Amino acid sequence: MSGNHSQISELYSAYAAGRLSTAFRLLVQTQMALRADVRRDIEQAEAISGAFFEAEERETLSPNAFETALKRIDALDEGTADQLHAAHLANERLTELMRLPEPLREKALEACAQSGWRRLTSGVSRLEISNQGTTHSHLYRIKPGASVPQHTHHGDELTLVLEGGFTDETGSYGPGDISLQTSQDTHQPVADDDGICLVYAVSDGGMKFKGALGVFQSLFGGGRGRAN
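Keep in mind that this is a model prediction, so the values were computed, not measured.

1. Points about the sheet that holds strand β3 (residues 135-142)
The strand order β1-β2-β3-β10-β5-β8 describes an open sheet built from six strands, whose pairing is antiparallel. Unpaired on one side and paired on the other, β1 (118-121) and β8 (178-181) mark the two borders of the sheet. For this sheet, the mean inter-axis angle between neighbouring strands, taken without regard to orientation, is 30°. Taken together, the eight bridges between β3 and strand β10 (residues 197-204) define a ladder with antiparallel strand orientation. Looking at β10, one finds that Thr-135 is bridged to Asp-204. The strands that helix α2 (residues 22-34) touches are β2 (124-132), β3, β5 (157-163), β8 and β10; relative to β5, the one it contacts most, it runs at about 35°.

2. Here we look at the environment of Arg-99
Examined against the element boundaries, Arg-99 turns out to sit in the loop between α5 (81-98) and α6 (104-114). In this structure Arg-99 comes out as partly exposed when scored by relative accessible area, which is 48%. For the pair formed by Arg-99 and Leu-162, sequence separation is 63 residues and the distance between their alpha carbons is 9.5 Å.

3. Considering the pattern of salt bridges
Tallied over the entire structure, the rule returns five salt bridges. Measuring nitrogen to oxygen at the nearest pair gives 3.1 Å for the salt bridge that ties Asp-177 to Arg-35. Within this pair, whereas Asp-177 is found in the loop between β7 (171-173) and β8, its partner Arg-35 is found in the loop between α2 and α3 (36-49), the two being separated by 142 residues in sequence. Where Arg-141 meets Glu-96, a salt bridge forms, and the shortest distance between an N and an O atom there is 2.7 Å. With a gap of 45 residues between them, Arg-141 in strand β3 and Glu-96 in helix α5 connect regions that are remote in the sequence. Comparing Arg-141 with Glu-96 shows no difference in burial state: the two are buried. One network of salt bridges, in which partners are shared, links Arg-35, Asp-37 and Asp-177.

The rules behind these values
- Residues numbered from 1 in each chain as written.
- Predicted model: local features only at pLDDT ≥ 70, side-chain atom pairs only at ≥ 80, totals over all residues.
- Heavy atoms only, no water.
- Pairing = 2+ DSSP bridges.
- Helix = DSSP H or I, 4+ residues; strand = E, 2+ residues; numbered from the N terminus.
- Axes fitted to C-alpha atoms, helices over the stretch in contact; angles between N-to-C directions.
- Contact = heavy atoms within 4.5 Å.
- Buried < 20%, exposed > 50% of the residue type's maximum accessible area, 1.4 Å probe, protein only.
- Salt bridge = Lys/Arg side-chain N within 4 Å of Asp/Glu carboxyl O.

Written as structure tokens, this is what we have:
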């Protein structure tokens, strides 16, 4: 994990005390599903603080979200090579989402059925999981060797690796690792060469791109809190 370790500990303590927003809570719950050591640490934090959280009522998945995603695949006409390729890609994305740990899997399937993936740059796509005020959460899919454009942030960003791995200016990260970036940090994550990298990122305020993409962002939208 990068950044100040005390900040990560504060994140766990806030989770144990029930003070995290929905997006950050989902990030911690997903990391707990991936890593037994984090799960043990948080259980200890709960015991020390005495803030044993009550199990929340499970949120209901949008009606027929999984079936809707399948129907989008089935609806593709199989008459051309391009459409066959599109069907293959859609099925590949769905398979990847089904491998995600709960509770993120439900949210990702729901988001895929409602809005779908959006291309950010060559080799990088993202799926918006939630957008609540200035807090944004996305699932990023980065092809082997591809990089997210160099950027900084309006606030803190926590990135949890779900599958594969990436390297940036602060280090290398694999499944279950969290990278912490502040508004003072600039980085450019590059996916490992051995497979697709999937990450779940939660930020306060969104991304600020550097270089030509930053100029485009400032001229054509993607202001504070947005980088679509």
